[in-house]
Amino acid sequence: MTIRRAACSCGQLHLTIEDEPVRISMCHCLECQRRTGAVISNQARFRREQVTGGGQATVWKRTAESGNALTFYFCPVCGSTVYWEGEGFPGYLAVAIGSFADPNFPAPTIAVWEESRHPWVSLPPDIPPKRVAKQA
């Protein structure tokens, strides 16, 4: 069984995850761009029972463009967003792929909120595209 560890920049907020993600995606929505400071957000979705965590988190909630509530958990020391959950996907957590600090982490297989995509960003060339204009 695969065991992965994700953590914030300072290591205070951390997760241990067993098994493979159920989905790996990139999001192009404007809110993810603002949250990350990058043109895309990359995340891996796991079933809640796959994830155990430690450390203190600050919580921030917002309503997504889909209308669903999202709850973000970030480190109060360094400010890194490590994971989040959305009411549109109950029982799952999304973990920021960068928090794994693993260059061998699998590539995204789906892109969502394509209408906000910067035209020079695309899925990796060896991944068959599965694109969703808007995430439900």
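Conventions and cut-offs
- Residues numbered from 1 in each chain as written.
- Predicted model: local features only at pLDDT ≥ 70, side-chain atom pairs only at ≥ 80, totals over all residues.
- Heavy atoms only, no water.
- Phe/Tyr/Trp six-rings, centres within 6.5 Å; stacked < 30°, edge-to-face > 60°.
- Helix = DSSP H or I, 4+ residues; strand = E, 2+ residues; numbered from the N terminus.
- Buried < 20%, exposed > 50% of the residue type's maximum accessible area, 1.4 Å probe, protein only.
- Core = buried A, V, L, I, M, F, W, Y, C linked by side-chain atoms within 4.5 Å.
- Contact = heavy atoms within 4.5 Å.
- Pairing = 2+ DSSP bridges.
- Disulfide = S-S within 2.5 Å.

Focus: the packing of aromatic side chains
In this description, a pair of aromatic rings is defined by centroid distance and the angle of the planes.
Item 1. Following the criterion strictly, the structure yields 5 aromatic pairs and no others.
Item 2. Here tyrosine 73 and tyrosine 83 contribute two aromatic rings whose centre-to-centre distance is 4.5 Å and whose plane-to-plane angle is 10°, an arrangement assigned as stacked. Residue tyrosine 73 is found in strand β7 (residues 69-74), and its partner tyrosine 83 is found in strand β8 (residues 81-86); the two are separated by 10 residues along the sequence. For the residue pair tyrosine 73 and tyrosine 83, the accessibility class agrees, reading buried in each case.

Re the nonpolar core
Item 1. Counting 18 residues, the largest nonpolar core has Leu15, Ile17, Phe46, Tyr83, Val95, Phe100 and Phe105 as the members making the most contacts within it.
Item 2. Mapped by element, the contributors of at least two residues to this core are β2 (14-18), β4 (41-47), β8 and β9 (92-96).
Item 3. In contact with leucine 15, not counting residues within four places along its chain, are Arg4, Arg5, Ala6, Val51, Thr52, Gly53, Val82, Tyr83 and Val95.

Points about the pairing of strand β6 (residues 58-63)
Item 1. Taken together, the 6 bridges between β6 and β7 define a ladder with antiparallel strand orientation. Note on β7: the bridge partner recorded for valine 59 is tyrosine 73.
Item 2. Between β6 and β7, which pair antiparallel and follow one another directly, the connecting turn spans 5 residues, one of which, glycine 67, has a positive phi of 95°.

Comments concerning the state of the cysteines
Item 1. As enumerated under the stated definition, the model contains 0 disulfides in all.
Item 2. Looking at cysteine 78, it has no disulfide partner, and the nearest cysteine sulfur is the one in cysteine 75, 3.8 Å off.
Item 3. Relative accessible area serves as the criterion here: at 32%, cysteine 78 is assigned to the partly exposed category.

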